[in-house]
Amino acid sequence: DGGITQSPKYLFRKEGQNVTLSCEQNLNHDAMYWYRQDPGQGLRLIYYSQIVNDFQKGDIAEGYSVSREKKESFPLTVTSAQKNPTAFYLCASTGDRLVTEAFFGQGTRLTVV
Amino acid sequence: GQQVMQIPQYQHVQEGEDFTTYCNSSTTLSNIQWYKQRPGGHPVFLIQLVKSGEVKKQKRLTFQFGEAKKNSSLHITATQTTDVGTYFCAGKDGNKLVFGAGTILRVKS
């Protein structure tokens, strides 16, 4: 089955620790995205990547970092510089067809204590 | 950059009533997409509109794209409890996929 997988589903970390969220897709999509969602809020773009070894900051990139060493993988690191990291994180990918809908992973709920 | 605004933020309807959410962009869109996120879930693609003035239907859902390609709407006829969730519109700003803030729909049975 083709799809996009995020892990883990729930993650707890102590304040001041860096944490990396995994995102893997087997859809052969070039573009991948990371969004943050706070309770009752919309999706805010953190980082996006159109191609391997290239990525751009979104609207709220401060305190986050990413890498795109493989087409299938786009991990997100939440660093200690992120002031309020507790949130629901969603990874998405899009292809190059005429209808370029985004496919989302199940999300990772990060809680920093 | 492009901004996508969505209203209302929240709507609570009685089962059987209609529901509409509106999306407005600060710039002309090449296309607009609509997604639904069930409580506790992830956004799932519903539809993409491309042409000016386009109208598409999916059962009780009607999607419209404005003539100027800067606004769109999603209308649900006779809501059901299965319609609950958050409805998002999204548009492309260059290579960025930008989402509206979403409209949370609650349905009272």
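Our structure's up above, just so we're on the same page.
Residues numbered from 1 in each chain as written. Chains lettered and ligands numbered in written order. Predicted model: local features only at pLDDT ≥ 70, side-chain atom pairs only at ≥ 80, totals over all residues. Heavy atoms only, no water.

S.K.: Give a detailed account of the pairing of strand 3 (residues 19–25) of chain B, specifying residues and quantitative values.
M.R.: Residues and elements named next belong to chain B. When you tally the buried positions in strand 3, you get five out of seven residues, the bulk of the element. In this sheet, strand 3 lies alongside strand 1 (residues 4–7) in antiparallel orientation, the contact comprising four bridges. Across the sheet, the residue bridging to Q6 is C23, located in strand 3. (Buried < 20%, exposed > 50% of the residue type's maximum accessible area, 1.4 Å probe, protein only. Helix = DSSP H or I, 4+ residues; strand = E, 2+ residues; numbered from the N terminus. Pairing = 2+ DSSP bridges.)

S.K.: Before we move on, could you go through a nonpolar patch on the surface and cite the residues and values that matter?
M.R.: Residues and elements named next belong to chain A. Taken together, Y10, F12 and V113 make up a surface patch of nonpolar side chains, about 370 Å² in accessible area. Examined against the element boundaries, F12 turns out to sit in strand 2 (residues 10–13). Of the residues examined, F12 reaches a relative accessible area of 54% and is grouped as exposed. (Patch = residues over 30% accessible without salt bridge, like charges linked within 9 Å, V, L, I, M, F, W, Y side chains within 5 Å. Areas by Shrake-Rupley, 256 points an atom, 1.4 Å probe, with all protein chains shown as cover. Salt bridge = Lys/Arg side-chain N within 4 Å of Asp/Glu carboxyl O.)

S.K.: An account of the side chain of B:Q33 is requested, with residue identities and associated values reported.
M.R.: The topology assignment puts B:Q33 in strand 4 (residues 32–37). In terms of polar contacts, B:Q33 uses its side chain to reach the backbone carbonyl oxygen of A:T100, at 3.0 Å. A polar atom in the side chain of B:Q33 sits 2.5 Å from the side chain of B:Y35. With residues near it in sequence (within four places) discarded, B:Q33 still touches A:T100, A:E101, A:A102, B:F45, B:I47, B:Q48, B:F88, B:C89, B:A90 and B:L97. (Polar contact = N/O pair within 3.5 Å; in protein donor to acceptor, adjacent residues only side chain to side chain. Contact = heavy atoms within 4.5 Å.)

S.K.: Outline the interface of chain A and chain B, supporting the account with residue identities and numerical values.
M.R.: Bring the parts together and some accessible area is lost; that lost area is often taken as the interface size. Taken together, the 22 residues of chain A in the interface contact 18 residues of chain B. Between chain A and chain B the total buried area reaches about 1,700 Å² when both faces are included, carbon and sulfur atoms providing 55% of it. Taken together, chain A and chain B are joined by one salt bridge. Residues B:K96 and A:D59 are paired through a salt bridge, measuring 3.4 Å at the closest nitrogen-oxygen approach. The tally of links from chain A across to chain B stands at nine residue pairs in polar contact (both at pLDDT 80 or more). Here the side of chain A that touches chain B gets four residues from one element, more than from any other, and that element is strand 5 (residues 43–51) of chain A. Of the residues belonging to the side of chain A that touches chain B, the class tally is 11 nonpolar, nine polar and two charged. (Buried area = accessible area lost by both parts, 1.4 Å probe. Nonpolar A, V, L, I, M, F, W, Y, C, P; charged D, E, K, R; others polar.)

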